[in-house]
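Chain and residue survey
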Amino acid sequence: MDNLIEVKNVTYEYTDEETVHTAVKNLSLNIKKGSFTVILGHNGSGKSTLAKMLNGLNKPTLGDILVDGINTKDEANELEVRRKVGMVFQNPDNQLVASIVEEDVAFGPENLGLEPSVIRQRVDEALKAVDMYEFRKSTPHRLSGGQKQRIAIAGIIAMQPLCLVLDEPTAMLDPKGRAEIVSTLIKLNHEKGITVILITHYMEEAEKADRVVVMNDGEIISDGAPSEIFKNVEQLKAVGLDVPQTTELLYNLQKNGFSVSTNVISIKEAACEIASALHSEEK
Amino acid sequence: MLKDITFGQYFESNSLIHRTDPRVKIVLMIALIVFIFVSGNMFSLLLSAAFVLLVLIVSRVPFKMYLKNMKAILPVLIFTAIINLFYGEGGTVLLSFWKLTVTTGGIYRSFFMALRIALLIFVSSALTYTTTPNDLTDAIEKLLTPLKFIGLKSAVHTLAMMMTIALRFIPTLIEEAEKIMNAQKARGADLESGGLVQRVKALIPILIPLLISSVRRASDLAEAMECRCYNGGEGKTRMKQMHTSLTDIWVTVACVLYGSFVVLLNILL
């Protein structure tokens, strides 16, 4: 698989009251086409800054970011980069522009200057992809948080991006809304092959990813498959992150002398792990 | 609920007036207002009244809704009627006290003026009841298109974008204001009692948080719009196209006919 996004030795600095802060430190990261990556990190770890650099909203102080071969520093290709890497933010209310759902979804394609009939088709497709088609005539303020966020996602996929970057899209939602968003993202990733980069601090969301990248203090501290990452319970706790409940349980059992491994995540696997440990205990 | 208040009040229906192209509707409304002002005598004004009544009936919006709008403007209406009562010329004197006299001419004039204002209100409510705010915004943008040729291209687009965003955020901000009000009440803020000055002062702890949060929202929205390839309307297309149809022609013909009768009545009588 090819790399869709290449982050090469990127450093990002910003000045706040005359002191220079480094939000991202000499970071390198490749994102493969069609992958589902979760970036974990507590507040101030630099994950949002990294996200905003991926579509050129922030430009790296040092280093380069290539999106599908285009450097984000290249002003002439700014719109092209934004179209290729769609971005969804935390607060759904502050991303919607129009007071009718379908008109909001049409905003992106309209800006691209597409033909009205093409826009219509893309809007319908995008709304169906996030299961909000029946709400197309509705107005955003009558919808739930999860529904609004799905409209925001539809507004981005109507531009047919290669990659979707979501910066804590579930932080302001209730558990139901959160589940809606995660299942929508999985569906988009599997059915439409859209590359997904999800930034979050909810562990349950990280479990579903192909790859988990943990950030702390502007650097990547671990990178790998979810089960690999969550094995290092101590390391995660040290940077202020939690582990999934199943991992936590197995970890505590292990600490208390049971011979269980902590690199399983799903409830079923965990149950099997515990059962086999109990069996060997009886023998 | 406070948040159900929207700017303009659309009433869903599929009447002839609803189906008319919003651009045509706006132009005709302006024409109608002009004709109502042109109606210089009672005959032409009554003709206008009849035409407006016809519009209201054809719009299939319950008459109750129109009266609701009228209620808000009632004080102005009564005030105008009373003032004009004393300005009538001619006719027999009915009442005379201090420096004021009421004549039959005054009664005629007072009725004339009140009817004129009422008609204006009816016409403008007919427009807002039959057109969604979004259609209105789009139509205004389209109607202002000629300004583009005198170098105001970005101004037209900016104005339309501002109206769209304002419409979108009115309910959101009302909801936010309610939340802040409740939060301040929970901390013991007294918003309901006291004189005018005190009440205005009590609003400050609500307005300041609201303002700050609006600025924050605006900056978030700007970022989100940038991410959606917004670049100030350069080369922007529209999903919804407006089409003029046969309906628009009939409605226009009706208005032109009415207008020429008004002019005719003004000349003849």
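Residue indices follow the written sequence of each chain, beginning from 1 at its first position. Written order decides the labels, with chains lettered from A and ligands numbered from 1. Predicted model: local features are reported for residues with pLDDT of at least 70 only, side-chain atom pairs are reported and counted for 80 or more only, and whole-chain, interface and lining totals are derived from all residues. Excluded from the side-chain calculation are hydrogens and water; included are all heavy atoms of the structure.

Attention now goes to the side chain of Asp167(A). All names here are of chain A. Residue placement: Asp167 occurs in strand 7 (residues 163-167). Relative accessibility thresholds used throughout: buried, under 20% of the residue-type maximum; exposed, over 50%; partly exposed, between the two (1.4 Å probe, protein chains only). For the charge count, each Lys or Arg is scored as positive and each Asp or Glu as negative, with His and the chain ends excluded. Salt bridges are defined by distance alone: a side-chain nitrogen of Lys or Arg within 4 Å of a carboxyl oxygen of Asp or Glu. Despite its burial, Asp167 pairs with no opposite charge, the nearest such side chain being Lys52 at 5.7 Å. A contact between two residues is defined here by any heavy atoms of the two lying within 4.5 Å. Apart from residues no more than four positions distant in its own chain, Asp167 is found in contact with Ser48, Met87, Val88, Phe89, Gln90 and Ile199. Secondary structure elements are taken from DSSP: a helix is a run of H or I of four residues or more, a strand is a run of E of two residues or more, and numbering for both begins at the N terminus.

This part takes up the nonpolar core. Buried Ala, Val, Leu, Ile, Met, Phe, Trp, Tyr and Cys residues that are joined via side-chain atoms within 4.5 Å together make up what is termed a nonpolar core. Within the largest apolar cluster, 50 residues are counted, with the highest numbers of intra-cluster contacts made by Leu40(A), Ile153(A) and Phe230(A). At six residues, helix 5 (residues 145-157) of chain A tops the list of elements feeding residues into this core. Membership of the second largest hydrophobic core comes to 39 residues, among which are Ile26(B), Leu127(B), Tyr129(B) and Tyr258(B).

Here we take up the interface of chain A and chain B. You'll often see interface size given as the accessible area lost when the parts meet. Contact with chain A, which involves 40 residues of that partner, is made by 30 residues of chain B. A 1.4 Å probe defines the accessible area here, and the buried area is the portion of it lost by two parts on being joined, summed over both. Of the roughly 3200 Å² buried between chain A and chain B, counting both surfaces, carbon and sulfur atoms make up 52%. In this structure, Glu110(A) engages Arg238(B) in a salt bridge whose closest nitrogen and oxygen atoms are separated by 3.8 Å. What qualifies as a polar contact is a pair of N or O atoms within 3.5 Å, subject to a donor-acceptor requirement within protein and to the restriction that residues adjacent in sequence count only when both atoms come from side chains. Inspection of the region where chain A meets chain B yields 16 residue pairs in polar contact (both at pLDDT 80 or more). Taken together, the elements giving at least two residues each to the side of chain A that touches chain B come down to helix 2 (78-84), helix 3 (101-111), helix 4 (116-129) and helix 5 of chain A. Of all the elements, helix 3 of chain A adds the most residues to the side of chain A that touches chain B, at 10 residues. Each residue gets one label: Ala, Val, Leu, Ile, Met, Phe, Trp, Tyr, Cys and Pro are nonpolar, Asp, Glu, Lys and Arg are charged, and the others, such as Gly, are polar. Here the residues of the side of chain A that touches chain B are counted per class, giving 20 nonpolar, 10 polar and 10 charged.

Residues and elements named next belong to chain A. In terms of strand pairing, strand 1 (residues 3-16) meets strand 4 (residues 62-67) through five bridges, oriented antiparallel. Note on strand 4: the bridge partner recorded for Thr11 is Leu62. Note on pairing: two strands pair once DSSP finds at least 2 bridges between them. Where strand 4 lies against strand 5 (residues 70-71), two bridges are found, and the strand directions are antiparallel. In the strand pairing of strand 5, Val67 is matched with Ile70. Connecting strand 4 to the antiparallel partner strand 5 that follows it, the hairpin turn spans two residues, and Asp68 within it adopts a positive phi of roughly 50°.

Residue and element names in this part refer to chain A. Where helix 10 (residues 245-255) contacts helix 11 (residues 267-282), the two axes come as close as 10 Å, and the packing angle between them is 15°. On the basis of the axis angle, helix 10 is roughly parallel to helix 11. In the packing of helix 10 onto helix 11, the handedness of the crossing is left-handed. Contact residues: helix 10 offers Thr246, Leu249, Leu250 and Leu253, while helix 11 offers Ile267, Ala270, Glu273 and Ile274. Along the lines of polarity and charge, the residues of the contact of helix 10 with helix 11 split into six nonpolar, one polar and one charged. Each axis is a line fitted through C-alpha atoms, and for a helix only the stretch in contact is used; angles between axes span 0 to 180 degrees, taken between their N-to-C directions. By the definition adopted for this analysis, an angle is roughly parallel if under 35 degrees, roughly antiparallel if over 145, roughly perpendicular if from 65 to 115, and oblique otherwise. Here is the rule for handedness: rotate from the far helix to the near one, and if that takes an anticlockwise turn smaller than a right angle the crossing is left-handed, while a clockwise turn gives right-handed.

What follows is about empty space enclosed by the protein. A cavity here means a set of 1 Å grid points, computed over protein atoms only, where a 1.4 Å probe fits but cannot escape. A pocket is an open set with protein on both sides within 12 Å along at least 5 of 7 lines, and lining residues have an atom within 4 Å of a point. Grid points are joined across faces, edges and corners, and a volume is the space filled by probe spheres set on the points. For the structure shown, the criterion picks out one cavity of 30 Å³ or more. Here the largest cavity defines a volume of roughly 30 Å³. Of the residues that constitute the lining of the largest cavity, the class distribution is four nonpolar, one polar and one charged.

A word on a nonpolar patch on the surface. All names here are of chain B. Only residues whose relative accessible area exceeds 30% and that form no salt bridge enter a patch; like-charged residues are grouped when within 9 Å of one another, and nonpolar side chains (Val, Leu, Ile, Met, Phe, Trp, Tyr) when within 5 Å. Each accessible area is a Shrake-Rupley result for a 1.4 Å probe, and residues are judged covered by the shown protein chains and nothing else. Taken together, the side chains of Phe43, Leu246, Ile249, Trp250, Val253, Leu257, Phe261, Leu264, Leu268 and Leu269 define a hydrophobic patch exposed on the protein surface, amounting to about 1100 Å² of accessible area. In terms of residues, the nonpolar patch owes the most to one element, helix 9 (residues 246-268), which gives eight residues. Mapped onto the elements of the fold, Phe43 is located in helix 3 (residues 42-58).

A separate point is the pairing of strand 6 (residues 85-88) of chain A. Residue and element names in this part refer to chain A. Burial of the side chains of strand 6 extends over both faces: Val85 and Met87 are buried on one face and Gly86 and Val88 on the other. Relative to strand 7, strand 6 is paired through four bridges, and the arrangement is parallel. Each bridged residue has a counterpart across the sheet, and for Val85 the counterpart in strand 7 is Cys163.

Our focus in this paragraph is the domain arrangement of chain A. Residue and element names in this part refer to chain A. Domain boundaries in chain A define domain 1 (3-243) and domain 2 (244-283). For domain 1 and domain 2, the distance between their C-alpha centroids amounts to 34 Å. Facing 11 residues of domain 1, the contacting portion of domain 2 comprises eight residues. Interface area, domain 1 with domain 2, both sides summed: about 910 Å², of which 63% is carbon and sulfur. At the boundary of domain 1 with domain 2, the tally comes to one salt bridge. One salt bridge in this structure joins Glu248 and Lys237, with 2.9 Å as the shortest N-O distance. For the interface between domain 1 and domain 2, the tally reads two residue pairs in polar contact (both at pLDDT 80 or more). Counting only elements with at least two residues in the side of domain 1 that touches domain 2, the list comes to helix 8 (226-231) and helix 9 (233-238). Of all the elements, helix 8 adds the most residues to the side of domain 1 that touches domain 2, at four residues. In terms of residue class, the side of domain 1 that touches domain 2 is made up of five nonpolar, one polar and five charged. Source of the domain bounds: an automatic or database domain assignment.

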